[in-house]
Amino acid sequence: MRYDTPSLERWNSRAYDSSFGYVSTQGAPLVDLLDPRPGERVLDLGCGTGVLTAQIAFRGADVLGIDGSAAMIEKALAQYPGMNFIIGDGHDFTVVDPYDAVFSNAALHWMSRDPVAVIASVREALKPGGRFVAEMGGAGNCAELTTAMLTAWREYGLREPDLPWYFPTPAEYARRLEQEGFVVRLLEYFDRPTPLDECPGGAADWVRMFASSVLEGLPPEIVEPLLGRVNELAAPALRRESGWMADYVRLRFAAVRR
Ligand SMILES: C[S@@+](CC[C@H](N)C(=O)[O-])C[C@H]1O[C@@H](n2cnc3c(N)ncnc32)[C@H](O)[C@@H]1O
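Residues numbered from 1 in each chain as written. Predicted model: local features only at pLDDT ≥ 70, side-chain atom pairs only at ≥ 80, totals over all residues. Heavy atoms only, no water.

Novice: Help me understand the nonpolar core in this model?
Specialist: Most often, soluble globular proteins have nonpolar side chains that are buried together. In this structure, Met 149, Trp 153, Trp 206, Val 207, Leu 215 and Val 230 are the most contacted members of the largest nonpolar core, which totals 30 residues. Secondary-structure elements contributing two or more residues to this core are helix 7 (143–155), helix 9 (202–210), helix 10 (220–238) and strand 8 (243–257). Here this core gets seven residues from one element, more than from any other, and that element is helix 10. When near neighbours in sequence (up to four residues on either side) are disregarded, Val 230 contacts Ala 148, Met 149, Ala 152, Trp 153, Ala 203 and Val 207. Counting residues in each nonpolar core, the second largest holds 25 residues, with Leu 108, Val 122, Phe 132 and Leu 177 among its members. (Core = buried A, V, L, I, M, F, W, Y, C linked by side-chain atoms within 4.5 Å. Buried < 20%, exposed > 50% of the residue type's maximum accessible area, 1.4 Å probe, protein only. Helix = DSSP H or I, 4+ residues; strand = E, 2+ residues; numbered from the N terminus. Contact = heavy atoms within 4.5 Å.)

Here it is, written out as structure tokens:
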């Protein structure tokens, strides 16, 4: 395990539960798909503040939450005393005793440096026959949001930002799972337009929360006008009378280690 992963401090863990709790709320059906049984050993990869980890524990499983962000783990430990959380990177974590299942919600697309290494680490953490149940962003996720960002950056004469995510197609991810020793039992690919109820600042707030790395190194005086332009460009597709809507596309799968 790695204990110091400051580069993963990509967002504010205090704001995470209050403003972006929808991420874990929408993960509840994934816990049903995991169907944790009393006494099973489950690892929650990219557990964030531990909301879903706690739901899995509530069903009687013995759960370990792993996250790359020290702030997330600190908050998880504070919120759920007595539960097990540890800092670790999805690319290269190792466990002593293999688990019955690895669960992951809304986190695998952040582990973009080497997705194959992530799948291989998950495989090594599982017993033969162990389940890998996860949901992540899929190809086309946030396409309107990212197109607005790229256009605004171009208009301001800025170098194209490196987007921090890995959004695979279902075919690509299934192939990688199979190549790394999994049998894919279920794979769903679907649109999930998601109200950004807690983003009064619209797409600009979303960029600040989920893509803050693209703002690093920019001259401070251009950040606000640049994000204002992102809002103007994204609004026709994403702003409704009721508020902003993110154009999420998800991949949800259940695979079994051979
Ligand atoms: C959108 S949050 C989801 C958190 C939680 N699973 C939930 O459903 O609320 C994504 C999480 O992935 C974590 N993460 C990102 N890259 C990671 C990595 N390489 N290794 C471990 N965790 C990582 C982040 O720190 C963050 O807590």
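Novice: Help me understand the confidence of the model for the protein chain in this model?
Specialist: Note: predicted coordinates in regions of low pLDDT should not be interpreted at a detailed level. Of all residues in the protein chain, 91% have pLDDT values of 70 or greater, and the mean over the chain is 92. The model gives residues 1–8 a pLDDT under 50, and that stretch makes 17 contacts with residues more than four places away or in other chains. (pLDDT = per-residue confidence, 0-100.)

Novice: Honestly, the pattern of salt bridges in this entry has me stumped. Any pointers?
Specialist: When charged atoms on two side chains of opposite charge get close, those side chains can pair. On inspection of all chains with the given rule, the structure shows 16 salt bridges. The salt bridge involving Asp 32 is made with Arg 59; its shortest N-O contact spans 2.5 Å. Here the residue Asp 32 occupies a position in helix 3 (residues 28–34), and Arg 59 occupies one in the loop between helix 4 (51–58) and strand 2 (62–67), the gap between them amounting to 27 residues. On the basis of relative accessible area, Asp 32 is assigned to the partly exposed category, the value being 47%. For Glu 135, the salt bridge goes to Arg 250, with nearest N and O atoms at 3.8 Å. Remark: Arg 250 occurs in strand 8 and Glu 135 occurs in strand 5 (residues 126–137); sequence separation between them is 115 residues. A relative accessible area of 5% means that Arg 250 is categorised as buried. One network of salt bridges, in which partners are shared, links Glu 135, Glu 188, Arg 192, Arg 250 and Arg 252. (Salt bridge = Lys/Arg side-chain N within 4 Å of Asp/Glu carboxyl O.)

Novice: How do you make sense of the packing of aromatic side chains when you look at a structure like this?
Specialist: Aromatic ring pairs are reported here in terms of the distance separating the ring centres and the angle at which the planes meet. Per the stated rule, a full pass over the model turns up eight aromatic pairs. Residues Trp 165 and Phe 167 carry aromatic rings whose centres are separated by 5.6 Å and whose planes lie at 20° to one another, so their mutual orientation is stacked. Given the relative accessible area of 13%, Trp 165 is considered buried. Consider the rings of Trp 165 and Trp 206, whose centres lie 5.7 Å apart with planes at 45°: the pair is tilted. Placement of the pair is Trp 165 in the loop between helix 7 and helix 8 (170–179) and Trp 206 in helix 9, with a sequence separation of 41 residues. (Phe/Tyr/Trp six-rings, centres within 6.5 Å; stacked < 30°, edge-to-face > 60°.)

Novice: What is the right way to read unusual backbone geometry from this model?
Specialist: In most cases, non-glycine residues show a negative phi, while peptide bonds are predominantly trans. A positive phi is found at Asp 35, a non-glycine position, where the angle reads about 50°. Of the residues examined, Asp 35 reaches a relative accessible area of 32% and is grouped as partly exposed. A positive phi angle is found at Cys 142, which is not glycine, with a value near 55°.

Novice: Would you mind going over the side chain of Asp 247 with me for this structure?
Specialist: Its location among the elements puts Asp 247 in strand 8. There is no salt bridge for the buried Asp 247, and the closest opposite charge comes from Arg 240, which lies 8.4 Å off by N-O distance. There is a polar contact of 3.1 Å between the side chain of Asp 247 and the backbone nitrogen of Ala 143. Within the structure, the side chain of Asp 247 is placed 2.6 Å from the backbone nitrogen of Glu 144, a separation counted as a polar contact. Leave out the neighbours within four places in its chain, and Asp 247 touches Gly 140, Asn 141, Cys 142, Ala 143, Glu 144, Leu 145 and Leu 238. (Lys, Arg positive; Asp, Glu negative; His and termini not counted. Polar contact = N/O pair within 3.5 Å; in protein donor to acceptor, adjacent residues only side chain to side chain.)

Novice: What's the story with the UniProt feature "domain: Methyltransferase" (unreviewed entry) in the protein chain in this structure? I'm lost.
Specialist: With numbering aligned to this structure, UniProt lists the feature "domain: Methyltransferase" (unreviewed entry) at residues 42–130. When the span residues 42–130 is considered, its composition is 33% helix and 29% strand, and the gap between its end C-alpha atoms is 10 Å. (UniProt positions renumbered as here; feature names shortened; annotations may be inferred.)

Novice: Looking at this model, I keep getting lost on helix 5 (residues 70–79). Mind explaining?
Specialist: Residues lying three or four places apart along an α-helix face the same way, a consequence of the helix completing one turn every 3.6 residues. Three or more residues of helix 5 are buried, namely Met 72, Ile 73, Lys 75 and Ala 76. For helix 5, the buried positions fall inside an angular range of 165° around the axis, keeping them on one side. In helix 5, those exposed residues whose orientation departs by more than 90 degrees from the buried face are Glu 74 and Ala 78. (Arc of directions from axis to C-beta.)

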